[in-house]
Structures are given as structure tokens and as C-alpha cells.
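So you can see what is in the structure, the chains are spelled out below.
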Amino acid sequence: MPQIKGAIKRVRQSYKVTPKNSAQMSAMRTAIKQAEQAARENADNKDALFKDAVSAIDTAESKGLVHKNKAARDKSRLSKIAAK
């Protein structure tokens, strides 16, 4: 356990933030996988799932969980699959 007051605060903050960040990343990955699967199977709700996935990617990017280039790359790959 850290002795410095600022380091103690960072430990407290990380206990709160880490589960939120991991949940957000997991939700993003799940949305991407669902959209890809729906696009490959040509499901009826593929457009809605595509929008949800793009929204999840943008949210993760705005919160600083993924780099902007990774977000752009993921959206590009997803749109390429959805267009087929």
C-alpha cells in the first residue's frame, strides 16, 4: 500500500474506474462481434447492430479507452463487412 497521499488517492480512484473501463471495453467488443455476425448472416437487424457497434466504438474512443486510429480502423472494417 502506498504511503504518499496522492498515490493513496490514485489507488482509490483506480478501484472505481477499472471495472467501469473493462465493462465499457467488453460491451464494445460484444457489439462489434454481434454486428459482424449479423452482417455475415445477412440478418434483419444488421443495420441496428451496426449503429450500436459504431456508437460503442465512439464512446470508448471519447472516454480514452481506445486510440482514435484503432476506433477508425474498427469502424472501417465493420462498415466494409456491413456493406457486403
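Residues numbered from 1 in each chain as written. Predicted model: local features only at pLDDT ≥ 70, side-chain atom pairs only at ≥ 80, totals over all residues. Heavy atoms only, no water.

Colleague: Describe the pattern of salt bridges, listing the residues and the values that go with them.
Modeller: All chains considered together, the criterion is met by two salt bridges. Among the ionic pairs, Lys-75 bridges to Asp-58, the shortest N-O distance being 2.7 Å. With Lys-75 in helix α3 (residues 68–83) and Asp-58 in helix α2 (residues 46–62), the pair connects residues that are 17 residues apart, well separated along the chain. Residue classification places Lys-75 among the partly exposed positions, given a relative accessible area of 25%. Its salt-bridge partner being Asp-74, residue Lys-70 comes within 2.9 Å of it at the nearest N-O pair. Here Asp-74 and Lys-70 lie together in helix α3, a separation of four residues that amounts to about one turn. With relative accessibility at 28%, the residue Lys-70 sits in the partly exposed group. Under the relative-accessibility criterion, Asp-74 is labelled buried at 13%. (Salt bridge = Lys/Arg side-chain N within 4 Å of Asp/Glu carboxyl O. Helix = DSSP H or I, 4+ residues; strand = E, 2+ residues; numbered from the N terminus. Buried < 20%, exposed > 50% of the residue type's maximum accessible area, 1.4 Å probe, protein only.)

Colleague: Any details on the side chain of Lys-46? Residues and values, ideally.
Modeller: Locating Lys-46 in the fold gives a position in helix α2. Here Lys-46 occupies a buried position and makes no salt bridge, while the nearest side chain of opposite charge, Asp-47, is found at 5.5 Å. Only 3.1 Å separates the side chain of Lys-46 from the side chain of Asn-42, close enough to count as a polar contact. Setting aside anything within four residues of it in sequence, one finds Lys-46 in contact with Ala-38, Ala-39, Ala-82 and Lys-84. (Lys, Arg positive; Asp, Glu negative; His and termini not counted. Polar contact = N/O pair within 3.5 Å; in protein donor to acceptor, adjacent residues only side chain to side chain. Contact = heavy atoms within 4.5 Å.)

Colleague: Can you break down the nonpolar core residue by residue, with the values?
Modeller: Formed by 14 residues in total, the largest nonpolar core has its most connected members in Met-28, Ile-32, Ala-35, Ala-53, Ile-57, Val-66 and Leu-78. A total of six residues in this core trace back to one element, the largest contributor, which is helix α1 (residues 5–41). Leave out the neighbours within four places in its chain, and Ile-32 touches Ala-53, Ile-57, Asp-74 and Leu-78. (Core = buried A, V, L, I, M, F, W, Y, C linked by side-chain atoms within 4.5 Å.)

Purely geometric stuff here, so don't read any function into it on its own.
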